[in-house]
Amino acid sequence: MERKRWYKDMVFYQIWPRSFKDGNGDGMGDLWGVLEKLDYIKSLGCDGIWFSPIYPSPGADCGYDIADYMDIAEEFGGMEAFKKVLDGVHERGMKLIMDLVVNHTSDEHEWFEKSRRRIEPYTDYYIWRPARADGKLPNNWDSNFEGSAWTWDDVRGEYYLHLFAVKQPDLNMDNPLVREEVKKILRFWLDMGVDGFREDVITYISKAEGLPDDHLFPIYKGMPKYNHGPHIHEYLAEFKRDVFDHYDCFTLAEAPLVWPKQALKYIDEEKGQIDMMIQFQCQCADCLFTDYMPTKFSLVRMKKAFSDWQYKLEGRAWNMLYMENHDHPRIISRYGSEKYRTESGKAIAAAYLFQKGTPFLYQGQEIGMTNWRPADADMYEDVQTRYYYAHSNLNKSHKERLEKLWRSSRDSARTPVQWDGSENAGFTTGKPWFYVNENYKEVNVAAQENDPASLLNFYRKAIALRKSLPVVRHGSYKEHFPLDNKLYVYSREMEGQKILVVCSFSYKCVDMKIPKGFDMDKAKLILQSYPMAAGKTLRPYETRVYLWE
Ligand code: NOJ
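Residues numbered from 1 in each chain as written. Predicted model: local features only at pLDDT ≥ 70, side-chain atom pairs only at ≥ 80, totals over all residues. Heavy atoms only, no water.

## Notes on the sheet that holds strand β6 (residues 158–161)
As a general point, the strands of a sheet are linked pairwise by backbone hydrogen bonds and lie either parallel or antiparallel. Heads up, the rule is: Strands pair, by our definition, only if DSSP identifies at least two bridges between them. Per the convention used, a helix needs a DSSP run of H or I reaching at least four residues, while a strand needs a run of E reaching at least two, with both numbered from the N terminus.
Across the sheet, which stays open at both edges, the three strands sit in the order β4-β6-β5 with antiparallel pairing between neighbours. This sheet does not close on itself; its edge strands, each paired only once, are β4 (128–129) and β5 (150–153).

Below, the structure written as structure tokens:
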């Protein structure tokens, strides 16, 4: 039995606040800027917003290193601006979810300051280990961002574990006091009216007993020992039982390295502990596990990932659908073509917006923002990028090393949103905190707003359509021609209504393929990416949606 939950009818918009819109002219995106743009977000057809972290933070990982969970950073406008945004969201009939980052805190969080000084009850809030007699580190795990996962702390005289940056010590979730702190944080925001949480790397919060060495996979050495750890379901069930079950809210868990079978242990609608999952398979059509191990783009691989999740979750759990977020380079630069920016942007949009699940858009995706390519490596801000550059490919040329960053860095997608063709792309009247992509004069919201053929308006049409068609919400999914490496063709079907989505991922013209049993004489073309459909040939990246009812 499918549970009726409001998030299933929604489309979300992700705001990475630093680069969304500056409202007070200091060069940094903020909540005043968000307030100005709520109507714009609503005009897309999006009725939910996910905020990447907006809490006080020293910014070692752009806010994913939190120094105070129960406040809003001054640079974003503080609590005053947040409450206005929250009211503004609700007045418009929209919902707002926060980022919950509790695998780790900032090393500037009061808990860590006290823990390193062994002040009770904080002594065991983090994962501390003494130096080993043989001089080796407590174990051989790597951090995801900066070398070893262990850093020595002189104050405490012990190592602490950090699965991410050195300034992001991991919390010890095995300590019941820490879990109570998490619940306090959840209640604080839910009582204020927040509608749910995106839970950052939540599958990492339970580490294997004894923190054993691991030898499997060089760049994420250790991950099998802390991802989906021994108490993960128990802790998540505890949060659900003690907090979430008492509110009308939903949870979205970020889960690196997860496949549908395992995901169902978390999101099964009868037995799961959370509502939806951010999986990474759909981010691996042009890389192996991480953007730093690029491969050639394979449409077949992308389709397989989509279909796997669609088929295996059917009737049991609900999909979260996304193509972009703040952790990956821009999708047109990866899976589409910058030359055919608008066309390929539309194909990518249609490829996921008509699947079953709740779609998320990342700021700038709707106007087809592309990868930022700085002239030098020291222009990068991201901790992961900087570490990677300093330690990898040292024998390669400067140009090759830089090109690798263009292709792989998260900063490729973190430049300010391009609102118009004026100075700084209309993002700020001050000096922007980060570089603006040079293509802002051509790629911006204002330029697309009144153009019916723009990518922006295609997103609007596609989202409006998906909301108007019961088959998109309820129908079953079927992929056709799975081995075709140029076309993604899928259909959705329920009693009395059927759609067929055809997306070309080729920069050349290709023949249209229609699966058997689809009577084109009775089909209604309800969405197309070129102004006029041209018969049996699909032009570069052409996409069409047909309806039968
Ligand atoms: C996943 C977040 O999306 C990413 O931006 C962050 O750096 C890591 N988790 C660590 O919090």
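## A closer look at the pattern of salt bridges
Note the following rule: Salt-bridge detection follows one rule: a side-chain nitrogen of Lys or Arg within 4 Å of a carboxyl oxygen of Asp or Glu. Relative accessible area decides the class of each residue, using a 1.4 Å probe on protein chains only: under 20% of the type maximum gives buried, over 50% gives exposed, and in between gives partly exposed.
For the coordinates displayed, the defined rule picks out 46 salt bridges. Put simply, glutamate 324 and arginine 330 hold a salt bridge, and the shortest N to O gap is 2.7 Å. A relative accessible area of 3% means that glutamate 324 is categorised as buried. Owing to a relative accessible area of 1%, arginine 330 belongs among the buried residues under this scheme. Two residues, arginine 544 and glutamate 542, come together in a salt bridge whose shortest N-O distance is 2.9 Å. Accessibility assignment for this pair places arginine 544 and glutamate 542 in one class, buried. Several salt bridges share partner residues, and in doing so they unite Arg179, Glu180, Lys183, Glu238, Arg241 and Asp242 into one network.

## Re the site of the ligand
Filter applied, for reference: One heavy atom within 4 Å of a molecule or strand is enough for the residue carrying it to be called near that molecule or strand. In protein, a polar contact means a hydrogen-donor-capable atom and an acceptor-capable atom, both N or O and within 3.5 Å, with residues adjacent in sequence counting only if both atoms are side-chain atoms; elsewhere, any N or O pair within 3.5 Å suffices. Areas reported as accessible are Shrake-Rupley estimates using a 1.4 Å probe. Residue values count occlusion only from the protein chains shown. The definitions used throughout rest on a 1 Å grid laid over the protein atoms alone, on which a cavity is an enclosed set of points accommodating a 1.4 Å probe that cannot get out and a pocket is an open set flanked by protein within 12 Å on both sides along at least five of seven lines; lining residues are those having an atom within 4 Å of a point. Whether a molecule sits in a cavity or pocket is decided by its atoms, more than half of which must lie within 2 Å of the grid points. Boundaries of every domain are those given by an automatic assignment or by a domain database.
Taken together, 14 residues form the shell around the ligand, and within it Asp61, His104, Asp200, His326 and Asp327 come nearest. Within the side chain of aspartate 327, a nitrogen or oxygen atom sits 2.4 Å from an oxygen atom of the ligand. When the ligand is considered free in solution it has 300 Å² of accessible area, and contact with the protein chains removes 98% of it. Its atoms largely coinciding with the cavity grid, the ligand occupies the largest pocket. Both domain 1 (6–104 + 176–377 + 412–457) and domain 2 (105–172) contribute no fewer than three residues apiece to the shell around the ligand.

## Concerning the sheet that holds strand β12 (residues 320–322)
Defined as follows: Between N-to-C directions, angles cover 0 to 180 degrees, with each direction set by a line fitted to C-alpha atoms, over the stretch in contact for helices. Here, two residues are considered to be in contact whenever any of their heavy atoms come within 4.5 Å of each other.
If you trace the eight strands from one edge of the open sheet to the other, you get β9-β8-β7-β3-β2-β1-β13-β12, paired in parallel fashion. The sheet is open, and its two edges are formed by β9 (276–278) and β12, each paired on a single side. With direction set aside, neighbouring strand axes in the sheet form an average angle of 25 degrees. Sitting on the sheet, helix α2 (residues 78–91) is in contact with β2 (48–51) and β3 (95–100), with an inclination near 135 degrees to β3.

## Overview of the pairing of strand β7 (residues 196–199)
Neither face of β7 is left uncovered, since the one carrying Gly196 and Arg198 and the one carrying Phe197 and Glu199 both have all their residues buried. As paired elements, β3 and β7 share four bridges and run parallel to each other. When the sheet's bridge partners are listed, leucine 100 is paired in β7 with glutamate 199. Both β7 and strand β8 (residues 250–254) contribute to a ladder of four bridges, which runs parallel. Paired with phenylalanine 197 across the bridge in β8 is threonine 251.

## Focus: the side chain of arginine 18
Going by this rule: When charges are tallied, Lys and Arg are placed among the positive residues and Asp and Glu among the negative ones, while His and the ends of the chain are skipped.
Inspection of the secondary structure puts arginine 18 in the loop between β1 (12–15) and α1 (31–43). Of the buried charged residues, arginine 18 lacks a salt bridge, with glutamate 75 as the closest side chain of opposite charge at 4.4 Å. In this view, arginine 18 contacts Met28, Gly29, Gly59, Cys62, Glu75, Phe76, Glu381, Phe427 and Trp433; residues no more than four positions away in its chain are not counted.

## So, the domain arrangement of the protein
Quoted interface sizes are often the accessible area lost when the parts come together. What counts here: Computed with a 1.4 Å rolling probe, the buried area is the accessible surface lost when two parts are put together, summed over both parts. Following the grouping adopted for this structure description, the nonpolar residues are Ala, Val, Leu, Ile, Met, Phe, Trp, Tyr, Cys and Pro, the charged ones are Asp, Glu, Lys and Arg, and the polar ones are all others, Gly among them.
Considered domain by domain, the protein is made up of domain 1 (6–104 + 176–377 + 412–457), domain 2 (105–172), domain 3 (378–411) and domain 4 (472–548). Its C-alpha centre places domain 2 at a distance of 27 Å from the equivalent point of domain 3. With five residues of domain 2 in contact, the opposing surface of domain 3 contributes four residues. Taking both partners together, domain 2 and domain 3 bury about 400 Å²; carbon and sulfur atoms supply 68% of that area. Contact with domain 3 buries area across many residues of domain 2, yet Phe145, Glu146 and Gly147 alone supply 88% of it, more than any other trio. For the pair domain 2 and domain 3, the interface holds zero salt bridges. At the junction of domain 2 and domain 3, the tally comes to one residue pair in polar contact (both at pLDDT 80 or more). Partitioned by chemical class, the residues of the side of domain 2 that touches domain 3 number two nonpolar, two polar and one charged.

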